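# Fold and geometry: a report
The chain contents come next:
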Amino acid sequence: MAGGGGVTALSAAFAGASESAARPKPGRLGELFYQSATKLAERIRTKQVSSEEVVKAHIARIREVNPKINAVVYLAEEQAIAGAREADKAIAAGKVDWHRQPLFGVPVSFKDNLETRGLPTIAGAPALRNNVPNEDATVVRKMKEAGAILLAKTNLPFLGCAFDTSNLVHGQTSNPYDLSRIPGGSSGGEGSLIAAGGSPLGIGNDASGSIRVPSHFCGIAGLCPAWGRVSVAGNVPLCQNIGPFFWANGPMARRVEDLGLALSIIAGWDFRDPFTFPLSSLDTKGATLKGLRIAYFTDTPGATPVDAIQTTVALAAEALAKGGGKVVNRRPLIHGTEKAHDLIVALAADNVMTSFPKLQKEYGGEKDPLIRELVDRFPSLLKTIPPDQVNRLKTQWPRAQRDLLAFMQDFDAVLCPVCTHPAMKHGTVWDHVFQGAVVFTELFSLVGSLPKGVVRCGTSPEGLPIGVQVVGAPWRDDIVLAVLDHLEQEFGGWRPPKL
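Just so it is clear, the structure is predicted and the values come from calculations on it, not from any experiment. (Residues numbered from 1 in each chain as written. Predicted model: local features only at pLDDT ≥ 70, side-chain atom pairs only at ≥ 80, totals over all residues. Heavy atoms only, no water.)

Each helix and strand in the protein chain was counted, giving 17 helices and 15 strands. By the compact-globule yardstick of 23 Å for 499 residues, the protein chain fits well, its C-alpha radius of gyration being 21 Å. Here the C-alpha coordinates of the protein chain stretch approximately 65 × 55 × 45 Å along the principal axes. Across the 499 residues of the protein chain, 63% fall into the buried class. Long-range pairs, those at least 24 residues apart, make up 78% of the contacts in the protein chain with a sequence separation of at least 6. For the protein chain, the computed accessible surface area is about 18,400 Å², with 52% contributed by carbon and sulfur atoms. (Helix = DSSP H or I, 4+ residues; strand = E, 2+ residues; numbered from the N terminus. Rg over C-alpha atoms; globule rule 2.2 N^0.38 Å. Buried < 20%, exposed > 50% of the residue type's maximum accessible area, 1.4 Å probe, protein only. Contact = heavy atoms within 4.5 Å. Areas by Shrake-Rupley, 256 points an atom, 1.4 Å probe, with all protein chains shown as cover.)

What follows covers the state of the cysteines. Within this structure, the stated rule accounts for zero disulfides. Cys 419 takes part in no disulfide bond, and the closest cysteine sulfur, belonging to Cys 416, lies 11 Å away. In this structure Cys 419 comes out as buried when scored by relative accessible area, which is 0%. (Disulfide = S-S within 2.5 Å.)

You can see Val 236 is positioned in the loop between strand 9 (221-224) and strand 10 (248-253). For Val 236, a relative accessible area of 8% gives the class buried. For the pair Val 236 and Gly 160, spaced 76 residues apart in sequence, the C-alpha to C-alpha distance is 9.0 Å. Once residues within four sequence positions are removed from consideration, Val 236 is found in contact with Asn 113, Glu 115, Thr 121, Ala 123 and Leu 128.

With that out of the way, let us pick up helix 11 (residues 340-363). The sharpest bend along helix 11 reaches about 45° and sits at Ala 348. Directly after helix 11, the chain includes Gly 364, whose backbone phi takes a positive value near 75°. (Bend = angle between axes of the 7 residues up to and from the residue.)

A few words now on the pairing of strand 9. The side-chain alternation of strand 9 yields two buried faces, one formed by Ala 221 and Leu 223 and the other by Gly 222 and Cys 224. In terms of strand pairing, strand 9 meets strand 10 through two bridges, oriented antiparallel. Residue pairing for strand 10: Ala 221 is matched across the bridge by Ala 253. Sheet analysis places strand 9 next to strand 14 (residues 452-459), joined by three bridges and oriented antiparallel. Directly across from Cys 224, in strand 14, lies its bridge partner Lys 452. (Pairing = 2+ DSSP bridges.)

With 92% of its residues at a pLDDT of 70 or more, the protein chain has an overall mean of 91. Counting interchain partners and residues more than four positions distant, the pLDDT-below-50 stretch residues 1-26 has 55 contacts. (pLDDT = per-residue confidence, 0-100.)

On to the pairing of strand 14. Extensive coverage of strand 14 is indicated by the burial of seven of its eight residues. When strand 14 meets strand 15 (residues 465-472), the two strands line up antiparallel, connected through seven bridges. Bridging from a neighbouring strand, Arg 456 pairs with Gly 467 of strand 15. Between strand 14 and strand 15, which pair antiparallel one after the other, the connecting turn spans five residues, and Gly 463 there sits at a positive phi close to 85°.

This part is about the packing of helix 10 (residues 307-322) against helix 17 (residues 477-491). Taken N-terminus to C-terminus, the directions of helix 10 and helix 17 make an angle of 105°; their axes are 10 Å apart at the nearest point. One way to sum up the angle between helix 10 and helix 17 is to call them roughly perpendicular. Taken together, the residues of helix 17 that come into contact with helix 10 (itself represented by Leu 315, Ala 316, Ala 319 and Leu 320) are Val 483, His 486, Leu 487, Glu 490 and Phe 491. (Axes fitted to C-alpha atoms, helices over the stretch in contact; angles between N-to-C directions. Parallel < 35°, antiparallel > 145°, perpendicular 65-115°, else oblique.)

Attention now goes to the environment of Ala 349. Inspection of the secondary structure assignment puts Ala 349 in helix 11. Overall, Ala 349 belongs to the buried group, its relative accessible area being 2%. Separated by 72 residues in the primary sequence, Ala 349 and His 421 have C-alpha atoms spaced 24 Å apart.

What follows is about the pattern of salt bridges. On inspection of all chains with the given rule, the structure shows 24 salt bridges. For the salt bridge of Arg 43 with Glu 31, the shortest nitrogen-to-oxygen distance reads 3.0 Å. Placement of the pair is Arg 43 in helix 3 (residues 37-45) and Glu 31 in helix 2 (residues 26-33), with a sequence separation of 12 residues. Notably, a salt bridge pairs Glu 373 with Arg 377, separated by 2.6 Å at the nearest N-O pair. Taken together, the residues span about one helical turn, with Glu 373 and Arg 377 both in helix 12 (residues 369-382) at a distance of four residues. Taking relative accessible area as the criterion, Arg 377 reaches 26% and is therefore assigned partly exposed. Three or more residues are tied together by salt bridges with common partners; here these are Glu 52, Lys 56 and Arg 85. (Salt bridge = Lys/Arg side-chain N within 4 Å of Asp/Glu carboxyl O.)

What follows is the structure, encoded as structure tokens:
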């Protein structure tokens, strides 16, 4: 890693409108920044709009919304506009291989724990304020090779270690549907920015819900691919990928069609990541809903979602049945415990009580309120489980994996909540998490081969988005995408926030 100038460019990026960031014509602005990446790529390819105009539209949108939501931590304005101009020249000269570069000229964003060559990668950690990598993370490189233009880096909690998005370096990110609420975490900056129209497509990462929870809270679509399909080389800090949860980089977007496109770009074996597998190529549009065996459930022992979320999941299951799926109401049972939340807590105990304090010290997060609260409160959470049960539960991970896989053997997909609540008020995330709010994402994260996705299917009484989680059979990301696509068509998916 090379030393750099930190994030001094960030304040300059929002200091005022420069010549290069001049707004596109007002009538075109919303037309551009609310479209999918797939549609933007097509319009750029057919010369209906220039890459420069698309990039400037998103820069203008970021200037408009970021002072409210604080999702962008680095705006690569000059580089993005220069890249767009070069892209337009290449298009005019007929020098673009559209098959190999399906995102040519389209701006994209990346979570700020993915290394970006020559640009800051701080991961919400004070010790990394001046960290400027010498090379791109594999997923960043692949997106660039596909023609995408890096527009922005987005906020996350300290090292991605929380279900909220706030840190000592860049502060707190807010939900564009209600600024008093959180966007979720740890890919909360991506979720908030994409929902607000500041980026059409981004790459986040997920171990126990870090793509899925923000997608639910912010009303967008997100995919946590099956473990081994997408490289995690270049994630900060280095991913160990040894249980109980498995890190995966994945796409986040307003529209499901962009998830499949992005996955086809970033998937594949990587010599830099020993945990990627030489999986066969994946037809992201190959699966169909008709005849799929689908289970659904709306609650689990120790975690009962609010009525609006249970209703939304049930309506989604009904829509899949009408669309040709073979749907049954059935919940996976984990041997040896009545509450999946207890199992998750026991498995996380050693990590939280030993690894987290070391990470805090090494990366300067000892004073980070969000992470300190987790470390301080976790021992009391652990005490809610009978002492004689904690050690027994710690040994249940392999059995839990077998139970989940045995359950999945009878189904192609499972439908369930993402969280017990819609987006929560700032400052309350650990209260909800410690009560089992995210056990639905954590449970299926115990088996890395299961791909998992989220799409908006409803709205809470407060006007907040409600997403539904779709879990596929091992390595069947295509099935997850097919189910997400059907649900998006039925319920409309993302809706613009009233910022």
